[in-house]
Amino acid sequence: MATVELRFSAQPEHVRTARLVAAAVARRAGVDEAVLDEVRLAVGEACSRAVGLHRSHGITAPVTVRLIEEEKTFAIEVGDEVPGPGAHGSVPGGVSGQRGTAGGLDESEADDEDEMGLAVISGLVDDVEVRSGADGGVIRMSWPKTPIAVLP
């Protein structure tokens, strides 16, 4: 199992780089070419969300992107360091990623924007998991790898 980890400061201009790296590693890992646009879009949305959370909460720690090549799947984990609601462990079911923000948006607008981002990711990726806890949140997305054809 090979893993590539990318860490970048929470600046919107770095999201494009994360998308490009994710697509390149996904291609090398054997993800079907037809799915690469979905990988790019989902990673862009997840990274934009993490950047927004960091910036709105005044967190200077970098956003983390882990690209994980497993035997039959390719997974991407986008992590932020914003403590989740209640900050006491993982909350199952997508909406755990909703965390209020300050600065520019009131809490209900920020929650709506966060919910929209998660909906876009869920529409692009069949296998997505959102976890949130005291140390921050992680969006894990995975795609099947294309089986290698064996020539007779």
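Everything below is about the structure printed above this text.
Residues numbered from 1 in each chain as written. Predicted model: local features only at pLDDT ≥ 70, side-chain atom pairs only at ≥ 80, totals over all residues. Heavy atoms only, no water.

A.B. asks: Could you clarify how one ought to interpret the pairing of strand β2 (residues 63-69) in this entry?
C.D. replies: Looking along a regular strand, one sees the side chains alternate between the two faces of the sheet. The element β2 is extensively covered by neighbouring structure, given that 6 of its 7 residues are classed as buried. Taken together, the 7 bridges between strand β1 (residues 2-8) and β2 define a ladder with antiparallel strand orientation. Each residue of the ladder has a partner; that of glutamate 5, found in β2, is arginine 66. When β2 meets strand β3 (residues 73-79), the two strands line up antiparallel, connected through 6 bridges. Residue pairing in the sheet places isoleucine 68 in a bridge with alanine 75 of β3. Taking the residues that link successive antiparallel strands as the turn, the β2-β3 hairpin has 3 residues. (Buried < 20%, exposed > 50% of the residue type's maximum accessible area, 1.4 Å probe, protein only. Helix = DSSP H or I, 4+ residues; strand = E, 2+ residues; numbered from the N terminus. Pairing = 2+ DSSP bridges.)

A.B. asks: Can you help me understand the nonpolar core in this one?
C.D. replies: For soluble globular proteins, nonpolar side chains are generally found buried alongside one another. If you look at the biggest cluster of nonpolar residues, it comprises 32 residues, and the most contacted ones within it are Phe74, Ile76, Val78 and Met141. Listed by contribution, the elements that provide at least two residues to this core are β1, α1 (15-29), α2 (36-56), β2, β3, α3 (107-124) and β5 (136-144). In this structure methionine 141 touches Ala42, Val43, Ala46, Phe74, Ala75, Ile76, Val78, Ile121, Val125, Asp127 and Val128, once residues within four positions along its chain are discounted. (Core = buried A, V, L, I, M, F, W, Y, C linked by side-chain atoms within 4.5 Å. Contact = heavy atoms within 4.5 Å.)

A.B. asks: How do you make sense of the pattern of salt bridges when you look at a structure like this?
C.D. replies: Between side chains of opposite charge, a pair can form when the charged atoms approach closely. Tallied over the entire structure, the rule returns 10 salt bridges. Measuring nitrogen to oxygen at the nearest pair gives 3.6 Å for the salt bridge that ties glutamate 5 to arginine 66. Residue glutamate 5 is located in strand β1, and its partner arginine 66 is located in strand β2; the two are separated by 61 residues in the primary sequence. Judged by relative accessible area, which is 46%, glutamate 5 ranks as partly exposed. Given the relative accessible area of 29%, arginine 66 is considered partly exposed. A salt bridge links arginine 49 to aspartate 80; the shortest N-O distance between them is 4.0 Å. Note that arginine 49 is positioned in helix α2 and aspartate 80 in the loop between β3 and α3, a separation of 31 residues in sequence. Judged by its relative accessible area of 9%, arginine 49 is buried. Because the salt bridges share partners, they merge into one network encompassing Glu5, Arg66, Glu70, Glu77 and Arg140. (Salt bridge = Lys/Arg side-chain N within 4 Å of Asp/Glu carboxyl O.)

Any functional reading would require information that these geometric values do not contain.
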